[in-house]
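# Observations on the model geometry
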Amino acid sequence: MTSAIDEAAAIEHIVKTCLVPWDDVAFRSAFDGALLAVCRTELDLDAPETADRIEGELRRSGYGAAMVRYWRSASEATGHVAHWEVRRNGEAPDGIK
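Now for a quick tour of the structure.

What counts as what
- Residues numbered from 1 in each chain as written.
- Predicted model: local features only at pLDDT ≥ 70, side-chain atom pairs only at ≥ 80, totals over all residues.
- Heavy atoms only, no water.
- Helix = DSSP H or I, 4+ residues; strand = E, 2+ residues; numbered from the N terminus.
- Buried < 20%, exposed > 50% of the residue type's maximum accessible area, 1.4 Å probe, protein only.
- Areas by Shrake-Rupley, 256 points an atom, 1.4 Å probe, with all protein chains shown as cover.
- Salt bridge = Lys/Arg side-chain N within 4 Å of Asp/Glu carboxyl O.
- Contact = heavy atoms within 4.5 Å.
- Core = buried A, V, L, I, M, F, W, Y, C linked by side-chain atoms within 4.5 Å.
- Expected span 1.5 Å × (residues − 1).
- Arc of directions from axis to C-beta.
- Polar contact = N/O pair within 3.5 Å; in protein donor to acceptor, adjacent residues only side chain to side chain.

### Some words on the overall build of the protein chain
- Within the protein chain, the secondary structure is distributed over 3 helices and 4 strands.
- Seen in sequence order, the protein chain has helices and strands lined up from the N terminus as β-β-α-α-β-α-β.
- For the protein chain, the residues scored as buried account for 36% of the 97 residues in total.
- With an accessible surface of roughly 5,900 Å², the protein chain has 52% of that area assigned to carbon and sulfur atoms.

Now the structure itself:
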C-alpha cells in the first residue's frame, strides 16, 4: 500500500497497489521510480490521472506494454482511496485475474 499526505488540505490519499508480476525486481524498481516522479507533481495520488501518468512513465522506461488498471468505489472516492493493478505485460489473458 502506498499513501501520501496532501499537506495543504491535510488529506491522506491512499492507493492499494498490486504489481504483476510482483517478483520482477527491475519492474518494481521502474514502478518505484515512476511513483516518485508522480509524487513530485501536483497530482493527487488517488486520482485517475495519476494512474495514467504512472503508466506513461513505465512505458517510457522500457515497459512498452505496461498497463495500470484503476478503480474505486463511490465510498472510496470520498475517502480518497483508489486501487491500481499494475501489469508489466498489459492485459491478463481471458480467464486469468
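### A short note on the pattern of salt bridges
- Tallied over the entire structure, the rule returns 7 salt bridges.
- Ionic pairing is found between Arg 88 and Asp 24, a salt bridge with its closest N-O pair at 2.5 Å. Of this pair, Arg 88 sits in the segment after β4 (81-87) while Asp 24 sits in the loop between β2 (11-20) and α1 (25-39), and the two are 64 residues apart along the sequence.
- In this structure Arg 88 comes out as partly exposed when scored by relative accessible area, which is 23%.
- For Glu 55, the salt bridge identified is with Arg 59, shortest N-O distance 3.6 Å. Of the two residues, Glu 55 and Arg 59 are both situated in helix α2 (residues 48-60); the distance of 4 residues between them amounts to about one turn of the helix.

### Regarding the side chain of Glu 55
- Take Glu 55: its relative accessible area is 15%, and that puts it in the buried class.
- Ignoring any residue separated from it by four or fewer positions in sequence, one finds Glu 55 in contact with Ala 66, Met 67 and Val 68.

### Re the nonpolar core
- Formed by 17 residues in total, the largest nonpolar core has its most connected members in Phe 31, Ile 54, Leu 58, Trp 84 and Val 86.
- Taken together, the elements giving at least two residues each to this core come down to β2, α1, α2 and β4.
- The residues touching Phe 31, leaving out its near neighbours within four places in the chain, are Thr 17, Leu 19, Ile 54, Leu 58, Trp 84 and Val 86.

### Concerning α1
- With 15 residues, α1 extends 21 Å from end C-alpha to end C-alpha; this agrees with the ideal 21 Å at 1.5 Å per step.
- Taken together, the buried positions of α1 are occupied by Phe 27, Ala 30, Phe 31, Ala 34, Leu 35 and Val 38. Along α1, the residues classed as buried sweep out an arc of 140° about the axis, all on the same side.
- Backbone nitrogen of Ala 26 and a side-chain oxygen of the N-cap are separated by 3.1 Å at the start of α1; the cap is Asp 24.

Note that every value here comes from positions in space, so none of it alone points to a role or purpose.
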